[in-house]
Amino acid sequence: KLLRDQELNRKQQEKAERFLAMHTGSTPLLLPNPWDAGSAKLLASLGFEALATTSRGFAATLGRLDGGVSRDEAIEHARAIVDATELPVMLYDIPPRSVVAIEPETLLRLAEHPRITAVKDAKGDLYAGSKVLAGSDLAYYSGDDPLTLPWMAVGGVGVVSIISHVVGPHVR
């Protein structure tokens, strides 16, 4: 078990470093949210360095409200986007916007894909997130600025900040 935990920590660190490297350039890192494999390929061809995915965008393409997508459909959709390009993908888990949280079991299944590298968690469930951190190599980012320190205390690696939109130069 100790060797497995050390391997997960190493892989998690590598994934976090890959995303961190994208933040060190002279331009902001933008993570577009493709709605299908075709738009993922288009975004990759336009030079984006990484992609994000949510169930909300997927539900809209089906003419459904968010919450009208099953777990299996959401997993299949995320994998289709990831398989469409070689880009790393961050899963956005933002219930205030997407209505439905991504269950820990779903995150663990999605984490098996080597290019699903990170999660932006804005649901603030440190217990559930800790289970995912312990059972996967995903790099975890707080999606809620005030929870950045608590997330980092349980193994998170940073924040996808909202406040930085307003006071970016002052946030480090």
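Residues numbered from 1 in each chain as written. Predicted model: local features only at pLDDT ≥ 70, side-chain atom pairs only at ≥ 80, totals over all residues. Heavy atoms only, no water.

## Let's talk about the pattern of salt bridges
Inspection of the entire model under this criterion finds five salt bridges. A salt bridge links D72 to R109; the nearest nitrogen and oxygen atoms lie 3.5 Å apart. Here the residue D72 occupies a position in helix α4 (residues 71-84), and R109 occupies one in helix α6 (residues 104-110), the gap between them amounting to 37 residues. When its relative accessible area of 49% is taken as the criterion, D72 is described as partly exposed. The salt bridge involving D93 is made with K123; its shortest N-O contact spans 2.3 Å. Here the residue D93 occupies a position in strand β2 (residues 89-93), and K123 occupies one in the loop between β3 (116-121) and α7 (126-135), the gap between them amounting to 30 residues. Three or more residues joined by partner-sharing salt bridges are found here, namely D83, E86 and R115. (Salt bridge = Lys/Arg side-chain N within 4 Å of Asp/Glu carboxyl O. Helix = DSSP H or I, 4+ residues; strand = E, 2+ residues; numbered from the N terminus. Buried < 20%, exposed > 50% of the residue type's maximum accessible area, 1.4 Å probe, protein only.)

## Some details on the packing of helix α2 (residues 37-45) against α4
Packing of α2 against α4 brings their axes to within 8 Å, and their N-to-C directions diverge by 35 degrees. The crossing of α2 and α4 is right-handed. Here α2 contributes A37, A40 and K41 to the contact with α4, which in turn contributes A80, I81 and A84. The residue inventory of the contact of α2 with α4, partitioned by class, reads five nonpolar, no polar and one charged. (Axes fitted to C-alpha atoms, helices over the stretch in contact; angles between N-to-C directions. Left-handed = near helix turned anticlockwise from the far one by under 90°. Contact = heavy atoms within 4.5 Å. Nonpolar A, V, L, I, M, F, W, Y, C, P; charged D, E, K, R; others polar.)

## Looking at α7
Every α-helical turn comprises 3.6 residues, leaving residues that sit three or four positions apart pointing alike. Among the residues of α7, those classed as buried are A128, G129, V132 and L133. Along the axis of α7, the buried positions cluster into a sector of 140 degrees, meaning they face one direction only. One side-chain oxygen of the residue at the start of α7 lies 3.3 Å from the amide nitrogen of Y127, identifying that residue as D125. (Arc of directions from axis to C-beta. Polar contact = N/O pair within 3.5 Å; in protein donor to acceptor, adjacent residues only side chain to side chain.)

## Focus: the side chain of T148
Along the chain, T148 falls in helix α8 (residues 148-153). Residue T148 is classed as buried on the basis of its relative accessible area of 16%. When sequence neighbours within four positions are dropped, the list of residues in contact with T148 reads S142, G158 and V159.

## What about the side chain of T85?
Assignment of secondary structure puts T85 in the loop between α4 and β2. When neighbours within four sequence positions are excluded, T85 is seen to be in contact with A40, K41, A44, L51 and R115.

## Considerations on the packing of aromatic side chains
Scanning the entire structure with this criterion turns up one aromatic pair. Judged by centre distance (5.1 Å) and plane angle (40 degrees), the rings of Y140 and W151 are tilted. Here Y140 is found in strand β4 (residues 139-142), whereas its partner W151 is found in helix α8, with eleven residues between them in sequence. (Phe/Tyr/Trp six-rings, centres within 6.5 Å; stacked < 30°, edge-to-face > 60°.)

## Brief notes about the environment of G57
When you line up the elements, G57 lands in helix α3 (residues 55-61). As for G57 and W35, which are separated by 22 residues in sequence, their C-alpha atoms are 5.7 Å apart.

## Quick notes on the pairing of β4
Side chains of β4 alternate between two faces, with A139 and Y141 and Y140 and S142 buried alike. Bridge count between β3 and β4: four bridges; the pairing is parallel. From the neighbouring strand, A118 faces β4, where its bridge partner is A139. Between the parallel elements β3 and β4, the chain passes through α7 in a crossover that is right-handed. Across two bridges, the pairing between β4 and strand β5 (residues 158-159) is parallel. When the sheet's bridge partners are listed, Y141 is paired in β5 with G158. Once the chain exits β4 it traverses α8 before rejoining the sheet at β5, and the crossover so formed is right-handed. (Pairing = 2+ DSSP bridges. Right-handed = clockwise from strand over helix to strand, strands pointing away.)

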